[in-house]
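Each chain, letter by letter, is given below.
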Amino acid sequence: TDDLRKLTLEKQANIGLAFDGDGDRFIAVDETGAEISGDKIIAICANYLKQKNLLKNNIVVTTVMSNLGLTELFNNLGITHIKSQVGDRYVIADMLKYNAVLGGEDSGHIIFANYHTTGDGILSALQLLAIMTETGKPLSELAKIMNVYPQKLINVEVRERKNLEDLPELNKLIEKFEKELGDAGRILVRYSGTQMICRVMVEAQTDELTNRVATAIADKIKELLG
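Presented here is an overview of the structure given in this document.

### A word on the environment of S140
- Residue position: S140 is located in helix α6 (residues 139-142).
- In sequence terms S140 and E35 are 105 residues apart; their C-alpha atoms lie 9.5 Å from each other.
- Leaving out residues up to four positions away in the same chain, S140 has contacts with D30, E31 and T32.
- Within polar-contact distance, the side chain of S140 engages the side chain of E31 at 2.3 Å.

Encoded structure:
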């Protein structure tokens, strides 16, 4: 989004919009040039819909990869946060299961079930623009609703996909760090669905802690499976 950021600032625009190749995902750039992720867009939309009594059943569906800050916000707002497997088809399946009208991924794939049965970047962008217009607030102010926890994602190439639960050394290390993080962080370790890669995702309150934990777990996976 580097070019989009520059152009947004150059034109003194209220917002910049970036879409992926097939148009089902989008992310935004606010008037200061800051990138606004899918999680933050979902946070803005969920808060608005709840205020308008349009958030059916007070439920929002995202994936397990969503930032911990989103869960924290939903807890504060009294919104039930359902976390599906990674992939928009899983998000949609859980939206149907729990009768939710809003769901999506941090990648910017957002589903507004009142208007469409799948993700549509232009539709999602219009929803965000409508909120900005009705509230009269700049995107930078709306985005402050969510505190983003530092996140580190490391992809480790593996030679085989052993069941992670059958690796006691790895599980012992993860348990140790989970105790250290407590409720103020989380660890997610899973294999890629398409590549010989094990993904290590860590969120914590500081960059130093996040990087230290993620690196240690990734190094252990390299030692055991690389």
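### Concerning the pattern of salt bridges
- Summed over the entire model, instances satisfying the criterion amount to 10 salt bridges.
- As a salt-bridge pair, K220 and E169 come within 3.3 Å of each other at their nearest N and O atoms. Of this pair, K220 sits in helix α8 (residues 207-225) while E169 sits in helix α7 (residues 168-181); the two residues are 51 residues apart in sequence, bridging distant segments of the chain.
- For K220, a relative accessible area of 17% translates into the label buried.
- Beyond isolated ion pairs, a larger network of salt bridges with shared partners links D20, D24 and R25.

### Comments concerning the environment of G182
- By the secondary structure assignment, G182 is in the loop between α7 and β9 (186-191).
- We classify G182 as partly exposed; its relative accessible area is 36%.

What counts, and at which threshold
- Residues numbered from 1 in each chain as written.
- Predicted model: local features only at pLDDT ≥ 70, side-chain atom pairs only at ≥ 80, totals over all residues.
- Heavy atoms only, no water.
- Helix = DSSP H or I, 4+ residues; strand = E, 2+ residues; numbered from the N terminus.
- Contact = heavy atoms within 4.5 Å.
- Polar contact = N/O pair within 3.5 Å; in protein donor to acceptor, adjacent residues only side chain to side chain.
- Salt bridge = Lys/Arg side-chain N within 4 Å of Asp/Glu carboxyl O.
- Buried < 20%, exposed > 50% of the residue type's maximum accessible area, 1.4 Å probe, protein only.

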